[in-house]
Amino acid sequence: MLLATSPAFAQQERRVALIVGVGAYRNVPALANPPNDARDLGAVLDRLGFETETLVDPDRLALEAGVRRLGQRARGADAAFFFFAGHGLEAAGRNWLLPAPAEIRSDRDLRFEALDLDSVLEQLDGAARLSILVLDACRDNPFRKRLQASGRGAPAASGLGQASATVGTLLAFATAPGTVADDGRGRNSPFTTALLKRIETPGLEIRQLMAEVRREVREATQGRQVPWENSALEGSFYFRAAAASAPAAAAAAPSAAVAAAPAPGTTAPGAETVFWESVRGSRNPADLRAYLTRYPTGVFASLARNRLEEVERNRSPDLRRPDAASATALDPATPEGREALLLSVLSLDHSVPRGRLEAQGRALQAYQESKQHRAIAVSPKQQRSFRVFDSPSAAAAEELVLERCQLRNDEPCVLFAVNEVFRTPQQSGEWPRRAMERLRHEGPYRPDKVPAITAERRKEADIAGYGRAREPKAMAIHPLGRIFVKTGAASAFAAETEALKICNDDPARDGATGSCLLYAAGNTVVLPGHHIAPLATDPARPAAPAPTSGR
């Protein structure tokens with residue numbers, strides 16, 4: 001059957017991630033690859049079942065807000081992952097990550113212009129079962145001369161400095177402390193290229209993954225760059241579990257494996273304990289079977305068998321898309337049928353981790369308990385849903401949910417239900433994705449083209465009168481249908497900065513459901529570009545040097 005555990009979903013790992021790439025620096029040479037690094041890694045983590053947020057070229061407030069959201073999402077999660085690609089520096093014994101607008105003239109500016117790596121560690125400390133921080137940010141310190149000239153504190157280093165990992169944390173750096181990492185000549189940096197190549201390998205434990213990444217980067221850079229990590233992990237972590245056939249093959253021929261094991265008394269003292277400690281916390285059955293194969297009558301064999309039984313009992317493989325005949329045959333009026341139909345939509349592009357299906361099942365239940373008029377849409381690429389409720393009419397709910405879902409996920413979404421009417425797939429098994437016309441509009445501002453809000457909201461003064469409002473001005477939008485306008489600012493840069501700031505600081509959304517986007521710069525709609533930072537140049541800052549290939 002489609003969902004053997006319906007109506008309740010089996011427990012599965014919940015893994016959260018924040019991926020940041022900063023390349024469009026305004027006051028130092030730009031970097032070509034970090035935005036690509038972030039987008040590509042974010043897409044991979046989505047495939048691997050992470051609840052992923054990706055930030056490209058954020059300012060400091062957006063970066064800090066993203067880290068705070070990661071800390072909140074990490075509470076009770078099995079794993080939390082943070083990745084930063086861009087400029088990073090070490091000064092006075094602290095490591096700093098630089099957002100796009102950073103301007104550092106002395107070390108006094110660091111606390112206001114950059115983000116302290118310790119603040120990321122503090123947000124994750126004790127929140128998830130384990131935390132992984134990966135920094136492809138050991139680029140040449142672009143502000144080193146200014147910091148040294150300021151004459152305060154310890155001299156600034158070329159790259160990031162040493163950092164200690166707390167229990168349950170792994171810190172990985174693109175290169176050794178105090179040295180510089182390359183931006184690369186292709187689409188991605190050498191470090192991220194190697195990471196993307198290896199991260200989806202089934203059964204590759206993270207420390208072995210980092211060892212292989214280190215070798216590939218060292219060879220690709222002729223020894224100039226050697227990645228480094230500091231680990232205090234307990235147990236094992238796999239981005240993708242070993243293929244199901246591997247444990248089965250090991251179990252099918254135990255006699256050969258046992259025969260190959262060394263005779264009792266020939267192993268080094270303590271070897272069994274070291275082996276057991278390395279696998280005792282693993283959720284991969286292959287690790288526990290490996291211990292039992294080598295030590296079938298070992299000191300920890302009984303514990304290993306108990307742990308193996310527990311892991312296999314709770315283990316839930318990814319769920320794949322059901323065939324069209326099975327999905328359409330189920331009654332959408334029943335809980336089982338709705339869950340099966342939800343799986344059909346979520347698995348349009350790739351298989352669904354059961355934990356993701358469980359989370360979307362809870363969202364579906366919340367939708368059914370909300371007020372009329374309501375609607376729910378699904379983003380197959382991101383494998384998440386968006387819902388609206390208490391709308392003026394069913395037609396308004398349908399339009400709002402499709403626009404907001406597309407705005408949030410940057411792809412046309414599938415309409416899953418309006419009020420009590422649940423949709424079913426076409427006979428081919430496909431679900432139509434609706435590209436919303438207002439999301440494509442760019443050019444001259446028109447109130448009737450503003451998406452994600454009701455017709456009545458478009459008549460209000462800030463929306464209807466924006467075209468006549470005093471310049472410089474800007475408008476920001478959030479996927480929840482929140483609009484923020486700044487008019488009569490000191491400059492175009494100030495207008496765009498303030499509109500985005502008041503949107504991102506909006507207490508009504510409490511950091512939920514994605515970042516704010518720049519909707520209009522002056523009277524020009526720029527929404528299709530998905531800009532989360534100002535487009536205008538800050539008139540108070542000197543022109544940035546020409547882009548270079550180094551980081």
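Fair warning: this is a prediction, and the values are worked out from it, not measured in the lab. (Residues numbered from 1 in each chain as written. Predicted model: local features only at pLDDT ≥ 70, side-chain atom pairs only at ≥ 80, totals over all residues. Heavy atoms only, no water.)

A. Main features of the overall build of the protein chain. Each helix and strand counted, the protein chain has 20 helices and 19 strands in total. The proportion of buried residues among the 551 residues of the protein chain is 53%. Summarising the internal contacts of the protein chain: among those between residues at least 6 apart in sequence, 67% fall at separations of at least 24. Accessible area of the protein chain: about 23700 Å², with a carbon and sulfur share of 51%. (Helix = DSSP H or I, 4+ residues; strand = E, 2+ residues; numbered from the N terminus. Buried < 20%, exposed > 50% of the residue type's maximum accessible area, 1.4 Å probe, protein only. Contact = heavy atoms within 4.5 Å. Areas by Shrake-Rupley, 256 points an atom, 1.4 Å probe, with all protein chains shown as cover.)

B. Up close: the nonpolar core. Counting residues in hydrophobic clusters, the biggest one holds 69 residues, and the most contacted among them are Phe-82, Phe-84 and Tyr-519. Looking at which element gives the most residues to this core, the answer is helix H16 (residues 394–409), with six residues. Beyond its immediate sequence surroundings of up to four residues, Tyr-519 is in contact with His-441, Tyr-445, Lys-449, Val-450, Pro-451, Met-475, Ala-476, Ile-477, Thr-524, Val-525, Val-526 and Leu-527. Ranked by size, the runner-up nonpolar core spans 32 residues in total, among them Leu-45, Leu-48, Phe-50 and Ile-199. (Core = buried A, V, L, I, M, F, W, Y, C linked by side-chain atoms within 4.5 Å.)

C. Structural view of the environment of Lys-459. Relative to the elements of secondary structure, Lys-459 occurs in the loop between helix H18 (455–458) and helix H19 (461–464). Each C-alpha atom of the pair Lys-459 and Asp-448 lies 8.8 Å from the other, and the pair is 11 residues apart in sequence.

D. The arrangement of the pairing of strand S16 (residues 474–478) in detail. In terms of burial, S16 is largely enclosed, as five of its five residues are buried. What you see with S16 is no split at all: Ala-474, Ala-476 and His-478 on one side and Met-475 and Ile-477 on the other are buried throughout. Strand direction decides the pairing type here: S16 and strand S17 (residues 482–486), joined by five bridges, are antiparallel. Pairing of Ala-476 across the sheet is with Phe-484, part of S17. Hairpin remark: S16 followed by S17, antiparallel, with three residues in the connecting loop; positive phi at Gly-481, about 85°. (Pairing = 2+ DSSP bridges.)

E. Inspection of the sheet that holds strand S6 (residues 115–116) at higher detail. Pairing is antiparallel in the open sheet, where three strands are placed in the order S4-S5-S6. Strand pairing shows two members of the sheet lacking a second neighbour, strand S4 (88–91) and S6, which therefore form its edges. One ladder, built from two bridges, connects strand S5 (residues 94–97) with S6; its direction is antiparallel. Bridging across to S6, Leu-97 finds its partner in Leu-115.

F. Representation of the packing of aromatic side chains. Inspection of every chain in the model, using the stated rule, returns 11 aromatic pairs. Between the aromatic rings of Phe-81 and Phe-239, the centroid separation amounts to 5.7 Å while the plane-to-plane angle is 80°, which identifies the pairing as edge-to-face. One end of the pair, Phe-81, is in strand S3 (residues 79–85); the other, Phe-239, is in the loop between strand S9 (228–231) and helix H8 (245–252), and 158 residues separate them in sequence. With respect to class, Phe-81 is no different from Phe-239; both count as buried. Ring centres of Phe-237 and Phe-239 lie 5.1 Å apart, and the angle between their planes is 80°; this geometry places the pair in the edge-to-face category. Comparing Phe-237 with Phe-239 shows no difference in burial state: the two are buried. In this structure an aromatic cluster arises from ring pairing among Phe-50, Phe-81, Phe-237 and Phe-239. Directly above the ring of Tyr-367 sits Arg-374, whose terminal nitrogen or CZ lies 5.1 Å from the centroid. (Phe/Tyr/Trp six-rings, centres within 6.5 Å; stacked < 30°, edge-to-face > 60°. Lys NZ or Arg CZ within 6 Å of the ring centre and 35° of its normal.)

G. Region of interest: the pattern of salt bridges. Counted by the stated rule, this structure contains 28 salt bridges. Salt bridges sharing partners connect three or more residues here, namely Lys-197, Arg-198, Glu-212 and Glu-216. (Salt bridge = Lys/Arg side-chain N within 4 Å of Asp/Glu carboxyl O.)

H. The packing of helix H14 (residues 335–346) against helix H15 (residues 354–368), seen in detail. Direction vectors running N to C along H14 and H15 enclose 125°, while the axes themselves pass 11 Å from each other. In terms of their interaxial angle, H14 and H15 are classed as oblique. As for the relative orientation of H14 and H15, their crossing is right-handed in sense. Mapping the contact onto sequence places Arg-338, Leu-342, Leu-343 and Leu-346 in H14 and Leu-357, Gln-360, Gly-361, Leu-364 and Gln-368 in H15. Looking at side-chain class alone, the contact of H14 with H15 contains five nonpolar, three polar and one charged residues. (Axes fitted to C-alpha atoms, helices over the stretch in contact; angles between N-to-C directions. Parallel < 35°, antiparallel > 145°, perpendicular 65-115°, else oblique. Left-handed = near helix turned anticlockwise from the far one by under 90°. Nonpolar A, V, L, I, M, F, W, Y, C, P; charged D, E, K, R; others polar.)

I. Structural detail: the state of the cysteines. One pass over the structure, following the stated rule, counts two disulfides. Linked covalently through their sulfurs, Cys-405 and Cys-413 form a disulfide whose S-S length is 2.2 Å. The disulfide joining Cys-405 to Cys-413 has a torsion of about -85° about its S-S bond and is therefore left-handed. Residue Cys-503 pairs covalently with Cys-516 via a disulfide, S to S 2.1 Å. Linking Cys-503 and Cys-516, the disulfide has an S-S dihedral of approximately -85° and is accordingly described as left-handed. (Disulfide = S-S within 2.5 Å.)

J. Fine view of the environment of Ile-502. Looking at the element boundaries, Ile-502 is found in helix H20 (residues 492–504). Considered as a pair, Ile-502 and Val-485 are 17 residues apart in the sequence and their alpha carbons are 8.7 Å apart. Residues contacting Ile-502, with those up to four places away along its chain left out, are Phe-484 and Val-485.

K. Spatial organisation of the packing of helix H6 (residues 190–198) against helix H7 (residues 206–220). Running from N to C, H6 and H7 cross one another at 135°; their axes reach a closest spacing of 9 Å. Classified by the interaxial angle, the pair formed by H6 and H7 is oblique. Judged by the twist between their axes, the crossing of H6 over H7 is right-handed. For the pair H6 and H7, the contacting residues are Pro-190, Phe-191, Ala-194, Leu-195, Lys-197 and Arg-198 in the first and Leu-209, Met-210, Glu-212, Val-213, Arg-215, Glu-216 and Val-217 in the second.

L. Quick look at H20. The terminal C-alpha atoms of H20 lie 18 Å apart, and with 13 residues this matches the ideal 18 Å at 1.5 Å per residue to within 8%. Those residues of H20 that sit buried are Phe-493, Ala-495, Glu-496, Ala-499, Leu-500 and Cys-503. Of the surrounding elements, those touching the buried residues of H20 are S16, S17 and strand S18 (517–521). (Expected span 1.5 Å × (residues − 1).)

M. Highlighting the sheet that holds strand S15 (residues 443–444). In spatial order, the strands read S15-S19-S18-S16-S17; together these five strands make up an open sheet with antiparallel pairing. Where the open sheet ends on each side, the last strands, each with one partner, are S15 and S17. As judged from the four bridges shared by S16 and S18, these two strands associate in the antiparallel manner. Within the sheet, the bridge partner assigned to Ala-474 lies in S18 and is Ala-521. Helix-sheet contacts for H20 involve S16, S17 and S18, and the interaxial angle to S16 is about 25°.

N. The pairing of strand S1 (residues 15–21), seen in detail. Across the seven residues of S1, seven count as buried, placing the element largely inside the fold. By the alternation rule, side chains of S1 split into Arg-15, Ala-17, Ile-19 and Gly-21 and Val-16, Leu-18 and Val-20, which are all buried. Here six bridges tie S1 to strand S2 (residues 51–56), and the two strands are oriented parallel to one another. Bridged to Ala-17 within S2 is Thr-52.

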